[in-house]
Amino acid sequence: MSENIRLMFTPEFFRSILLPALIGGVAVTICASLLGVTLVLKKYSMIGDGLSHIGYGALSVAAVMNLAPLKVALPVVIIAAFILLRLNNNSKLHGDSAIALFSTTALAIGILVSSKAGLTNDVSHYMFGSILAMSDSDVILSVVLSVIVILAFLLLYNRIFSVTFDESFARATGVNAGIYSMIFAVLTAITVVLGMMMMGSLLISSLIVIPSLTAMRICKSFKGVVLVSGAVSVISFLLGMLIALIFNTAPGASIVIVNVVFFLAFSAVGRLGRLKAH
């Protein structure tokens, strides 16, 4: 343990590995927590999990074809987000059924293609995450796209708020709910693809869902949930990274466990508050 702590504070490790991981990770966690509030409230919680599996399939195919993984995965996941949203609104195959069908099919294709090509180990980090292995270009891309997602969320905050709580009323007041839903799908797809590098396809949905659920234990307003969710997400990420470095555990799993601890703690606080109110 002491050796790991010393390694954390060596200038070379901190500058070349830890700092880029922290910058990229904080940017992605903020995006995930902001978008997660709307996804949870609209009962689209599992779309992050579904899109991550689709992204894994796209990344695996790209690796086998020797193409740039992110340049392939990003448009594929965006298209998938559009299709899932359209099916959810206009088809008998919607919700969890559509997500399960698309995600398991894409995941199976990814595993089949990578195993057939003998690249299972090469693409495994997309399944489990490898935040400490992010290159400088990965970090730059993560930060740039994260800033775009955050700015878009802030600029469209009022529209997103109205579409989240009452889409029918939003349409009646002249808001083109379809366009904003599509924009939100694009933002979600970008966040999921970026998060896969950090958390892997198996755990990225936790960054989207758990902080939002945690904030909802004690907050009553949409704005309050958004702010608390963002704060919890960033703190959980930093604590999870610290635990992973000190105890030599998997960063993604450590971050999820910290998020779960916060959820349990906030749930207890919220329950005590309700008991006192009665």
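Residues numbered from 1 in each chain as written. Predicted model: local features only at pLDDT ≥ 70, side-chain atom pairs only at ≥ 80, totals over all residues. Heavy atoms only, no water.

**Student:** Report on the overall build of the protein, specifying residues and quantitative values.
**Tutor:** For the protein, the count of helices and strands is 13 helices and zero strands. Each helix and strand of the protein, ordered N terminal to C terminal, gives the series α-α-α-α-α-α-α-α-α-α-α-α-α. Each of the 278 residues in the protein was classed as buried or not, and the buried ones make up 47%. The long-range share in the protein, meaning contacts at least 24 apart out of those at least 6 apart in sequence, stands at 76%. Carbon and sulfur atoms make up 70% of the accessible area of the protein, which amounts to about 13,700 Å² in all. (Helix = DSSP H or I, 4+ residues; strand = E, 2+ residues; numbered from the N terminus. Buried < 20%, exposed > 50% of the residue type's maximum accessible area, 1.4 Å probe, protein only. Contact = heavy atoms within 4.5 Å. Areas by Shrake-Rupley, 256 points an atom, 1.4 Å probe, with all protein chains shown as cover.)

**Student:** Can you explain the packing of helix 11 (residues 204-216) against helix 12 (residues 222-247)? Please cite residues and give values.
**Tutor:** A pair of packed helices is captured by two measures, namely the crossing angle of their axes and the spacing between those axes. One way to put it is that helix 11 packs onto helix 12 with a least axis distance of 8 Å and a crossing angle of 125°. When the axes of helix 11 and helix 12 are compared, the pair comes out oblique. Handedness of the crossing formed by helix 11 with helix 12: right-handed. Contact residues: helix 11 offers Pro211, Ser212, Thr214, Ala215 and Met216, while helix 12 offers Val225, Val228, Ser229, Val232 and Ser233. A breakdown of the residues in the contact of helix 11 with helix 12 according to their chemical character gives six nonpolar, four polar and no charged. (Axes fitted to C-alpha atoms, helices over the stretch in contact; angles between N-to-C directions. Parallel < 35°, antiparallel > 145°, perpendicular 65-115°, else oblique. Left-handed = near helix turned anticlockwise from the far one by under 90°. Nonpolar A, V, L, I, M, F, W, Y, C, P; charged D, E, K, R; others polar.)

**Student:** If you had to explain the packing of helix 10 (residues 177-199) against helix 11 to someone new, which residues and values would you point to?
**Tutor:** At their nearest, the axes of helix 10 and helix 11 sit 7 Å apart, and the two run at 110° to each other. It follows from the interaxial angle that helix 10 and helix 11 lie roughly perpendicular. Contacts between helix 10 and helix 11 involve Val192, Gly195, Met196, Met198 and Met199 from the first element and Ile204, Ser206, Leu207 and Ile208 from the second. Looking at the contact of helix 10 with helix 11 residue by residue, the classes come out as seven nonpolar, two polar and no charged.

**Student:** Can you break down the nonpolar core residue by residue, with the values?
**Tutor:** Leu51 and Met241 are the most contacted members of the largest nonpolar core, which has 75 residues in total. Among the elements that take part in this core, helix 10 stands out by supplying 14 residues, more than any other. With near-sequence residues (within four places) excluded, methionine 241 lies in contact with Leu18, Ala21, Leu22, Ile131, Leu132, Pro251 and Ile255. (Core = buried A, V, L, I, M, F, W, Y, C linked by side-chain atoms within 4.5 Å.)

**Student:** Explain the environment of leucine 187 residue by residue, including any values.
**Tutor:** In this structure, leucine 187 sits in helix 10. Overall, the relative accessible area of 5% leaves leucine 187 in the buried class. Taking the C-alpha atoms as reference points, leucine 187 and leucine 145, separated by 42 residues in sequence, lie 9.2 Å from one another. Dropping the residues within four chain positions of it, leucine 187 is found in contact with Leu35, Val149 and Ala152.

**Student:** Before we move on, can you summarise unusual backbone geometry with the specific residues and values?
**Tutor:** The residue asparagine 66 is not glycine, and still its phi comes out positive at about 60°. In this fold, asparagine 66 is placed in the loop between helix 3 (47-64) and helix 4 (69-90).

**Student:** Break down helix 3 for me, citing the residues and quoting the values.
**Tutor:** Its 18 residues place the ends of helix 3 26 Å apart at the C-alpha level, agreeing with the 26 Å of an ideal helix rising 1.5 Å per residue. Most of helix 3 sits inside the fold, with 15 of its 18 residues counted as buried. (Expected span 1.5 Å × (residues − 1).)

**Student:** Explain the packing of aromatic side chains residue by residue, including any values.
**Tutor:** Counted according to the given criterion, the structure contains four aromatic pairs. Judged by centre distance (6.2 Å) and plane angle (75°), the ring pair of phenylalanine 153 and tyrosine 157 falls under edge-to-face. The exposure class assigned to tyrosine 157 is partly exposed, which follows from its relative accessible area of 21%. Here phenylalanine 161 and phenylalanine 222 contribute two aromatic rings whose centre-to-centre distance is 5.2 Å and whose plane-to-plane angle is 70°, an arrangement assigned as edge-to-face. With phenylalanine 161 in helix 8 (residues 157-165) and phenylalanine 222 in helix 12, the pair connects residues that are 61 residues apart, well separated along the chain. (Phe/Tyr/Trp six-rings, centres within 6.5 Å; stacked < 30°, edge-to-face > 60°.)

**Student:** Account for the confidence of the model for the protein, with residues named and values stated.
**Tutor:** Close inspection of predicted coordinates is inappropriate in any region flagged by low pLDDT. In this model, the protein carries a mean pLDDT of 81, and residues with pLDDT of at least 70 account for 89%. By mean pLDDT, helix 1 (residues 2-8) is the weakest element of the protein at 63, and helix 12 is the strongest at 92. (pLDDT = per-residue confidence, 0-100.)

**Student:** Go over the environment of lysine 42 with me, naming the residues and quoting the values.
**Tutor:** The topology assignment puts lysine 42 in the loop between helix 2 (11-41) and helix 3. Between the C-alpha atoms of lysine 42 and aspartate 166, which are 124 residues apart in sequence, the distance is 9.6 Å. Those residues in contact with lysine 42 that lie beyond four places of it in its chain are Val163, Thr164 and Glu167.

**Student:** Lay out the environment of valine 26 in plain terms, naming residues and giving numbers.
**Tutor:** For valine 26, the location among the structural elements is in helix 2. C-alpha of valine 26 to C-alpha of serine 142: the two residues are 116 residues apart in sequence and 9.9 Å apart in space.

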